[in-house]
Amino acid sequence: TGADGITLNADERFTVQSGGGNDSITVTDTAAGTVINTAEGHDGVTATAAGANNTAYTVATGDGNDSIALGNTGDATGSNITFDGGDGYDTVTLTTDVYDTGAMSLSNIEKLVIGGTVGMTAAQFSNDTEFLLSGAATLQITDAGSGASAANTINASALTFDPNAIGNTALLGGDGNDTVVGSV
């Protein structure tokens, strides 16, 4: 228990299990297979290593109002990070990048903050669509992996927009004849 501060900064496989408390975990470098689990508390995970080039790792925050920030990666191509917010009100922040060439997965999040144009596939988006979309930016649902002109059905009916960001936040389909389901 307590407020732990942990930094992962080596091209190695880590297993982190923090106890209760408001923990802070920073990932600047890691290797495939890394697992980060936090327990109850208001935990923060900041990853500047995007899991590029198929470096797969998992971040699971337990109970509490947690925050996960992925940014300043330089290259999220092939990002294979799995985020699970767990119970509580959890916020994921993504900066400008294209995450659609990897297997990035988001689940159990209540708020997605985007800072710039963020690209993800329809499959990645459909994994968890019941959240508040915020930020002065664009969430681009791309056709990567589906063919250049694939037609996707994007079910955004459970998505809500942050009223403070209306007019500054957009949800766009890809190059195909996409169908977006939802209302504003």
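Anyway, here's the lowdown on the structure attached to this text. (Residues numbered from 1 in each chain as written. Predicted model: local features only at pLDDT ≥ 70, side-chain atom pairs only at ≥ 80, totals over all residues. Heavy atoms only, no water.)

Points about the environment of tyrosine 57
Relative to the elements of secondary structure, tyrosine 57 occurs in strand E6 (residues 56-61). Judged by its relative accessible area of 2%, tyrosine 57 is buried. (Helix = DSSP H or I, 4+ residues; strand = E, 2+ residues; numbered from the N terminus. Buried < 20%, exposed > 50% of the residue type's maximum accessible area, 1.4 Å probe, protein only.)

Digging into the sheet that holds E6
Read across the open sheet, the five strands follow the order E2-E4-E6-E8-E10; overall the sheet is parallel. Looking along the sheet, the strands with just one partner apiece sit at the ends: strand E2 (15-17) and strand E10 (105-107). Ignoring strand direction, the axes of neighbouring strands in this sheet form an average angle of 5 degrees. Across five bridges, E6 lies against strand E8 (residues 80-84) in parallel orientation. Residue pairing for E8: threonine 58 is matched across the bridge by threonine 82. (Pairing = 2+ DSSP bridges. Axes fitted to C-alpha atoms, helices over the stretch in contact; angles between N-to-C directions.)

Quick notes on the pairing of strand E3 (residues 24-29)
The pairing of strand E1 (residues 5-9) with E3 spans five bridges and is parallel. By the bridge assignment, glycine 5 is partnered in E3 with serine 24. Where E3 meets strand E5 (residues 44-47), four bridges bridge the pair, whose relative direction is parallel. Looking across to E5, one finds that valine 27 is bridged to alanine 47.

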